Amino acid sequence: MTEAILLVGGKGTRLRPLTVHTPKPMVPAAGVPFLTHQLARARAAGVEHIVLATSYLAEVFEPYFGDGSALGLHLEYVTEEEPLGTGGAIRNVASRLHSGPDDPVLIFNGDILTGLDIRALVDTHETTGADVSLHLTKVTDPRAYGLVPTDDTGRVLAFLEKPQTPEEIVTDQINAGAYVFRRSVIDAIPLGRPVSVERETFPGLLSAGAHLQGMVDSTYWLDLGTPAAFVRGSADLVLGRAPSPAVPGRCGDRLVLPTAQVASDAKLSGGTVVGEGAFVAEGARIFGSTILPGAVIEPGAVITDSLIGTRARVGQRSVLTGTVIGDGAVIGPDNELLEGARIWCDARIPAGAVRFSSDQ
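Calculation criteria
- Residues numbered from 1 in each chain as written.
- Predicted model: local features only at pLDDT ≥ 70, side-chain atom pairs only at ≥ 80, totals over all residues.
- Heavy atoms only, no water.
- UniProt positions renumbered as here; feature names shortened; annotations may be inferred.
- Core = buried A, V, L, I, M, F, W, Y, C linked by side-chain atoms within 4.5 Å.
- Buried < 20%, exposed > 50% of the residue type's maximum accessible area, 1.4 Å probe, protein only.
- Helix = DSSP H or I, 4+ residues; strand = E, 2+ residues; numbered from the N terminus.
- Contact = heavy atoms within 4.5 Å.
- Domains from an automatic or database assignment.
- Buried area = accessible area lost by both parts, 1.4 Å probe.
- Salt bridge = Lys/Arg side-chain N within 4 Å of Asp/Glu carboxyl O.
- Polar contact = N/O pair within 3.5 Å; in protein donor to acceptor, adjacent residues only side chain to side chain.
- Nonpolar A, V, L, I, M, F, W, Y, C, P; charged D, E, K, R; others polar.
- Pairing = 2+ DSSP bridges.

As annotated in an unreviewed UniProt entry, the protein carries the name Mannose-1-phosphate guanylyltransferase and comes from Streptomyces paradoxus. The annotation that UniProt attaches to the protein under Sequence similarities (unreviewed entry) is "Belongs to the transferase hexapeptide repeat family."

(A) A look at the nonpolar core. Formed by 29 residues in total, the largest nonpolar core has its most connected members in Ile5, Leu134, Phe181, Ile186, Phe202 and Leu212. Those elements giving two or more residues to this core turn out to be β1 (3-7), β4 (49-54), α3 (85-92), β6 (104-109), β8 (132-138), β9 (173-182), α5 (183-187) and α6 (197-207). Ignoring sequence-local partners within four residues, the contact set of Leu134 consists of Leu121, Val156, Phe159, Asn175, Ala178, Tyr179, Phe202, Leu212, Gln213, Gly214 and Met215. In this structure, Ala45, Leu75, Leu116 and Met215 belong to the second largest nonpolar core, which totals 25 residues.

(B) Region of interest: unusual backbone geometry. At the junction of Arg16 and Pro17, the peptide bond is cis and its omega measures out at 15 degrees in the coordinates. With respect to the helices and strands, the residue Pro17 is situated in the loop between β1 and β2 (28-29). Here the phi dihedral of Arg311 falls at roughly 65 degrees; this positive angle occurs in a residue that is not glycine. Topologically, Arg311 is positioned in the loop between β21 (307-308) and β22 (313-314). The class for Arg311 is exposed, based on a relative accessible area of 55%. Despite not being glycine, Asp346 has its phi angle at roughly 65 degrees, a positive value. Inspection of the secondary structure puts Asp346 in the loop between β27 (342-343) and β28 (348-349). Exposure remark for Asp346: the relative accessible area of 52% places this residue in the exposed category.

(C) Spatial organisation of the UniProt feature "domain: Mannose-1-phosphate guanyltransferase C-terminal" (unreviewed entry) in the protein. In the numbering used here, UniProt assigns the feature "domain: Mannose-1-phosphate guanyltransferase C-terminal" (unreviewed entry) to residues 252-332. Counting secondary structure, residues 252-332 comes out at 0% helix and 42% strand; the distance between its end C-alpha atoms is 31 Å.

(D) Geometry of the environment of Asp305. Tracing the chain through its elements places Asp305 in the loop between β20 (302-304) and β21. With relative accessibility at 37%, the residue Asp305 sits in the partly exposed group. The sequence separation of Asp305 and Ala210 amounts to 95 residues, and the corresponding C-alpha distance is 44 Å. Once residues within four sequence positions are removed from consideration, Asp305 is found in contact with Val231, Phe287, Gly288, Ser289, Gly322 and Thr323.

(E) Structural detail: the domain arrangement of the protein. Along its sequence, the protein is carved into domain 1 (2-223) and domain 2 (253-349). Between the C-alpha centres of domain 1 and domain 2 there is a distance of 33 Å. Domain 1 puts 10 residues into the contact, and the matching count from domain 2 is 13 residues. Of the roughly 930 Å² buried between domain 1 and domain 2 on both sides combined, carbon and sulfur atoms contribute 69%. For the pair domain 1 and domain 2, the interface holds 0 salt bridges. Across the contact surface, domain 1 and domain 2 share 2 residue pairs in polar contact (both at pLDDT 80 or more). Looking at the side of domain 1 that touches domain 2 residue by residue, the class counts come to 6 nonpolar, 2 polar and 2 charged.

(F) Spotlight on the pairing of β9. Among the 10 residues of β9, 10 are classified as buried, and the element is accordingly described as predominantly covered. In the sheet, β6 pairs with β9 via 5 bridges, with the strands oriented antiparallel. Looking at the pairing, Phe108 lines up with Ala178 of β9. Sheet topology places β8 next to β9; 6 bridges connect them, and they run antiparallel. Within the sheet, the bridge partner assigned to Lys138 lies in β9 and is Gln173.

Structure follows, in structure tokens:
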């Protein structure tokens, strides 16, 4: 079976304060650590052996997933002492691979939620005889991404930096963060120093005449790098828009974990998740949001497209929209927090202290 490398070493700085105490792949999405969804989808595609390339808060992965047997996988863990970039991280775990020089190795970025047909990517790699195959996706506005133009056969022609002018937008295809490498290509990456596959490995392979193949798969794809995207990804998993065999319950408008308590007249919708041990009081209205384990939502609170951290508390009648509340933070009653607000872990906001409208 094909084996895989999962790159899970990033600090997740764009997601803070969610990632102050928790590495990004371990932040819960649809009731389980996001990484669980990636592992389960890889296993469903036939992958049996996965090496996790860890760095930031590396000590939390193995206690949770162990040897992977609960997921039908064999997991190994390799920790970077110093950040090595995407290419350096791939090379750093190569000694744990079992593949021969010409065998395919799957590689996934640890912050992408996707409906990619993994088997089809491997099949494309093998039928075209490529050295590296890349999952490409089409986006409406590619200005925030590196562009990957291909010819009529899907062969990659170039890797272009984020376009600055309309004339530089020569394609709507972008690198979607999943690859198949020929094992010998991994072994050729320099060892022991930072390497970027996007800026060094892939352009270097192209200039050396290697065959890089693109496969466009425009099913569900979302980069979970920002709080708003992470909240949306979790909701999409619950709603069934994003496929995963690891959602702990039936897809629908809400997901309430077994030990959570929700008042009978509270309204949950839009893919809302209420985590283990959390409490949602009477009259609360929650749409498209994630309530992490142990959090408390007091009566009459209104929460939309937000993430409430572990053991945090949202006071009576407070209104939160597009907001992230860090672990252990307390939002007093009658506050109003709108788009983009981030409340740090263990912070305390007194009653009625933050408003965007009159308190009358």
